[in-house]
Amino acid sequence: MTDEKLLEDAAAGDETAFVSLYERHRDLVFRFTYRLLQSQETAEEITHDCFLSLIKDPRRFKADRGKASLRTYLCAAARNLAFKRLRRTCAETAFDGFSEHLVSAASQAPLRLLLDAEVSETVRKAVGELPPLQREALILFEYEEMSLAEIAEVAGADVGTVKSRLHRARERLRVVLAPYFKSGCRV
Amino acid sequence: MKKDDHQNLDNQRLDLPEDRELNRLLAGWQAPESSGDLDERAIASYRGYFNWRRLWRRWLAGSIRIPVPLAAAAVLLLCATSFLAARKTTRISIESPPAVPPTKYVQVPVPVTREKIVTRVIRLKAEQGSPGSVNSARSDLANFRPVGEINILVHQGE
């Protein structure tokens, strides 16, 4: 069943349709928001709010249906909520959820896991230190495998701008993460 | 489309070892799973929203079933109450005091006479030593002494 049909049914009160729609897109919205804000709690709140606002006012998506898929629409909604929070908290980021994640990984413990956890933590920090717009472009491109056109839709920018943001983000990460390159290459 | 974008973007750099390394490192950062709590909250919010809507809909477009005799009695009672209320309103309107006629304001043109106000003050000097002047009165009363006895005679007027 298509997203549009599921949304129509869910907006009419069909709970099964809502659950299907939610399960289809929950992980995308949650992962994207989590990587953007690096807080599990906030990412869950935003995911929740995204779906609820979609159900409360499905016409917003219908109005944009010609150019956007529900996937990009939800990402754009999550992005707006996330950036609103970023502005409100002055880019203050919570790391509690992640440190718990790290501890559980470390407790399993062989050296390999510990090293992976360290690398993962370094990548997380490096991505977190990117400017929000570059971070957004990188996350959607690298982790959610969106095309440049889709990212442009989410970000409300043109493809060239997205490309430039992505390029700058990767350049910056290449410098920061250079010590972890296996081949020992330095930029 | 994604592959095309990658190719376009990384045309110059994809073959560099740094990019492969970068992709490998980026892939090492996994996002955690969302908690089951989120699912419960989302579904609860969805149900809550629709329960609330249903409640409003019931209030606005709901119906109840009433037995015909009860409905007829209710209608009769309503008619009687309305009739009594209408009569009471009429009586009150008869007994009520006549309304005070509204005050009429008529504009009357009044001729205005302009007067010239003169503010000049003229002082007249009294002549010294003249009878009736203040100074002479004071000199006359200086040696005044009251008499010891006064006899009053009253004459009948004509």
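Not measured: the values here are computed from a predicted model.

Undergrad: Any chance you could break down the overall build of chain B for me, citing the residues and the numbers?
TA: The helix and strand tally for chain B stands at 5 helices and 0 strands. Sequence-ordered secondary structure for chain B, helices as α and strands as β, is α-α-α-α-α. For chain B, the accessible surface area stands at approximately 15,400 Å², while carbon and sulfur atoms represent 59% of it.

Undergrad: Residues and numbers for the packing of aromatic side chains, please.
TA: The relation between two aromatic rings is expressed through the spacing of the ring centres and the mutual angle of the planes. In this structure the tally under the stated criterion is 8 aromatic pairs over all chains. A network of ring pairs unites the aromatic residues Phe18(A), Tyr22(A), Phe51(A), Tyr46(B), Tyr49(B) and Phe50(B) as a single cluster. Lying across the ring of Tyr143(A), Arg35(A) places its NZ or CZ 3.7 Å from the centre. In this structure, Arg35(A) is placed above the aromatic ring of Trp29(B), and the distance from its NZ or CZ to the ring centre is 5.4 Å.

Undergrad: An account of the interface of chain B and chain A is requested, with residue identities and associated values reported.
TA: At the interface, 37 residues of chain B touch 54 residues of chain A. Here chain B packs against chain A, burying approximately 4,200 Å² in sum over the two surfaces, 65% of which is carbon and sulfur. Inspection of the chain B/chain A interface yields 3 salt bridges. Of the charged contacts, one joins Arg41(B) and Glu44(A) as a salt bridge, the two residues approaching to 3.7 Å between their closest N and O atoms. Remark: the boundary between chain B and chain A carries 12 residue pairs in polar contact (both at pLDDT 80 or more). Elements represented by at least two residues in the side of chain B that touches chain A include exactly helix H1 (2–9), helix H2 (17–27) and helix H3 (36–61) of chain B. Class assignment of the residues belonging to the side of chain B that touches chain A gives a composition of 15 nonpolar, 8 polar and 14 charged.

Undergrad: Tell me about helix H2 (residues 15–37) of chain A, and please be specific about residues and values.
TA: Maximal helix bending in H2(A) amounts to about 45°, located at His25(A). Looking one or two residues beyond H2(A), the residue adopting positive phi is Gln38(A), at roughly 60°.

Undergrad: So what's going on with the side chain of Arg174(A)? Residues and values would help.
TA: Along the chain, Arg174(A) turns up in helix H10 (residues 159–176). Within the local environment of Arg174(A), its side chain forms a polar contact with the side chain of Glu171(A), the two groups lying 2.9 Å apart.

Undergrad: Which residues make up unusual backbone geometry, and what values do they have?
TA: Residue and element names in this part refer to chain A. A positive phi angle is found at Gln 38, which is not glycine, with a value near 60°. In this fold, Gln 38 is placed in the loop between H2 and helix H3 (40–56). Residue Glu 145 is not a glycine yet carries a positive backbone phi of 55°. Mapped onto the secondary structure, Glu 145 falls in the loop between helix H8 (132–143) and helix H9 (148–155). For Glu 145, a relative accessible area of 52% gives the class exposed.

How each quantity is defined
- Residues numbered from 1 in each chain as written.
- Chains lettered and ligands numbered in written order.
- Predicted model: local features only at pLDDT ≥ 70, side-chain atom pairs only at ≥ 80, totals over all residues.
- Heavy atoms only, no water.
- Helix = DSSP H or I, 4+ residues; strand = E, 2+ residues; numbered from the N terminus.
- Areas by Shrake-Rupley, 256 points an atom, 1.4 Å probe, with all protein chains shown as cover.
- Phe/Tyr/Trp six-rings, centres within 6.5 Å; stacked < 30°, edge-to-face > 60°.
- Lys NZ or Arg CZ within 6 Å of the ring centre and 35° of its normal.
- Contact = heavy atoms within 4.5 Å.
- Buried area = accessible area lost by both parts, 1.4 Å probe.
- Salt bridge = Lys/Arg side-chain N within 4 Å of Asp/Glu carboxyl O.
- Polar contact = N/O pair within 3.5 Å; in protein donor to acceptor, adjacent residues only side chain to side chain.
- Nonpolar A, V, L, I, M, F, W, Y, C, P; charged D, E, K, R; others polar.
- Bend = angle between axes of the 7 residues up to and from the residue.
- Buried < 20%, exposed > 50% of the residue type's maximum accessible area, 1.4 Å probe, protein only.

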